[in-house]
Amino acid sequence: APGETGKDGNDGTSGTDGEDGQDGTDGKDVTVDPALAPLDKAYVGVGGKDALAALTSLQLTATGSNWVFGEGYETDDVGKFSTYAATVTQDPATHGLQVDNQRKVTFFAGPVPLDYKEIIKGNVGVTTGTVSILGYPSGPMTSDRWASSEKTHRLLNPQLILKDVAAGTLTATDGGPAVYDGLLHHLLVIDDAVYPITLWVSAQTGKISKLATMEHDPVLRDVPLEVFYEGWQSSSDGVAYPIGVYLAKDDIILRQESRTAFTTNQAVPATEFDFPAGADPV
């Protein structure tokens, strides 16, 4: 069962006076070449295939909120579970991912502060710090825990999925046209070991408006999972990122995140993803 540049054009329209065709000075998105294939448009929307190939590291800081459903008196009750601030560092080449979390759980009496770190390297991971309000200890992650964290990070940053497509480790196929929010989009269907991931790519700008896939829920069985992106901007190295992200499960928003900083290709110390002394995840 199924188991997240260039400068502005002078007139703000075509961007022909810009270097790579980023946004115009009036804030409007530049139109990509309509003759481009959907995948090529998507590459343009995230900064270009070359910029993805050159991506060696990613760092971002964000704040956000999480909601939970299925914990109330009614099956459709949705409650705000927590707010958080996070700093994320990733090295795609070594499959290293570190997330520093400062979370305040508001679902119960509180807020209850939690300060913990997730360190993932390859297919193992460790948590450190105060992870749970119920006193669960930190330490080696179970496979479902590290896989969930890694999956969520990729869904919230779809440029990483396209980087794998550009590298040839994932395959994208044209899923045809579709209309979203009144605008024409191309559907890019990415192969996945669990369930295909569909990127909704603006036919006009190449920017990704949303992602759609399926996920298994222990109560609801297979449910749709969607991620919505807004405010795409470009890092100093040209890789684009959304400043606002919303994750929804079965049409219910469960996560909202706002990025306050995003940098790429910064040097990452070799020890960044080392596990604490004594940790032996398997």
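**What about the packing of helix H1 (residues 38–45) against helix H4 (residues 159–167)?**
Between H1 and H4, whose axes approach to 11 Å, the crossing angle comes to 130°. When the axes of H1 and H4 are compared, the pair comes out oblique. Between H1 and H4 lies a crossing whose hand is left-handed. In this structure, H1 uses Leu39, Ala42 and Tyr43 to contact H4, whose residues at the interface are Leu162, Val165 and Ala166.

**Here we look at H1**
Where H1 is concerned, the buried positions are Pro38, Lys41, Ala42, Tyr43 and Gly45. Buried residues along H1 sit in contact with helix H2 (49–53), H4, strand S7 (172–180), strand S8 (183–190), strand S9 (197–202) and strand S12 (240–249). Within two residues after H1, Gly47 carries a phi angle of roughly 110°, on the positive side.

**Description of unusual backbone geometry**
In this model, Asp181 sits at a positive phi of 55°, which is unusual for a non-glycine residue. Relative accessible area serves as the criterion here: at 67%, Asp181 is assigned to the exposed category. Of note in the backbone geometry, Asp251 takes a positive phi value of approximately 70° without being a glycine. By the secondary structure assignment, Asp251 is in the loop between S12 and strand S13 (252–264).

**Topic: a nonpolar patch on the surface**
Together, Phe108, Ile133, Leu134 and Tyr136 make up a nonpolar patch on the protein surface, roughly 450 Å² of accessible area in all. Positionally, Phe108 belongs in the loop between strand S3 (96–105) and strand S4 (112–121). You can call Phe108 partly exposed: its relative accessible area is 48%.

**Let's talk about the packing of aromatic side chains**
Under the criterion given, the structure shown has 4 aromatic pairs. With a centroid separation of 6.0 Å and 50° between ring planes, the pair formed by Tyr229 and Trp232 is classed as tilted. Over the ring of Phe275 we find Lys121, and its NZ or CZ is 5.1 Å from the ring centre. One cation-aromatic arrangement involves Lys210 over Trp200; the distance from NZ or CZ to the ring centre is 4.4 Å.

**Considerations on helix H3 (residues 143–156)**
Given a rise of 1.5 Å per residue, 14 residues ought to cover 20 Å, and the 20 Å separating the end C-alpha atoms of H3 matches this to within 8%. Those residues of H3 that fall on the buried side of the exposure criterion are Trp146, Ser149, His153, Leu155 and Leu156.

**Topic: the pattern of salt bridges**
The tally for this structure, following the rule as stated, stands at 10 salt bridges. Residues Asp274 and Lys121 are paired through a salt bridge, measuring 3.9 Å at the closest nitrogen-oxygen approach. Of this pair, Asp274 sits in the segment after S13 while Lys121 sits in strand S4, and the two are 153 residues apart along the sequence. Taking relative accessible area as the criterion, Lys121 reaches 33% and is therefore assigned partly exposed. A salt bridge links Lys249 to Asp217; the nearest nitrogen and oxygen atoms lie 3.0 Å apart.

**What to know about the nonpolar core**
Taken as a class, soluble globular proteins show a tendency for nonpolar side chains to be buried jointly. Grouped together as the largest cluster of nonpolar side chains are 26 residues, with contacts concentrated most on Leu162, Leu199, Ile208, Leu211 and Val227. Listed by contribution, the elements that provide at least two residues to this core are H1, H3, H4, S8, S9, strand S10 (208–217), strand S11 (221–234) and S12. Discounting residues that sit within four places of it in the chain, Leu162 has contacts with Leu39, Ala42, Tyr43, Val46, Leu52, Leu199 and Ile208. Tyr84, Ala86, Leu97 and Met141 belong to the second-largest nonpolar core, a separate cluster that totals 17 residues.

Definitions and cut-offs
Residues numbered from 1 in each chain as written. Predicted model: local features only at pLDDT ≥ 70, side-chain atom pairs only at ≥ 80, totals over all residues. Heavy atoms only, no water. Axes fitted to C-alpha atoms, helices over the stretch in contact; angles between N-to-C directions. Helix = DSSP H or I, 4+ residues; strand = E, 2+ residues; numbered from the N terminus. Parallel < 35°, antiparallel > 145°, perpendicular 65-115°, else oblique. Left-handed = near helix turned anticlockwise from the far one by under 90°. Contact = heavy atoms within 4.5 Å. Buried < 20%, exposed > 50% of the residue type's maximum accessible area, 1.4 Å probe, protein only. Patch = residues over 30% accessible without salt bridge, like charges linked within 9 Å, V, L, I, M, F, W, Y side chains within 5 Å. Areas by Shrake-Rupley, 256 points an atom, 1.4 Å probe, with all protein chains shown as cover. Salt bridge = Lys/Arg side-chain N within 4 Å of Asp/Glu carboxyl O. Phe/Tyr/Trp six-rings, centres within 6.5 Å; stacked < 30°, edge-to-face > 60°. Lys NZ or Arg CZ within 6 Å of the ring centre and 35° of its normal. Expected span 1.5 Å × (residues − 1). Core = buried A, V, L, I, M, F, W, Y, C linked by side-chain atoms within 4.5 Å.

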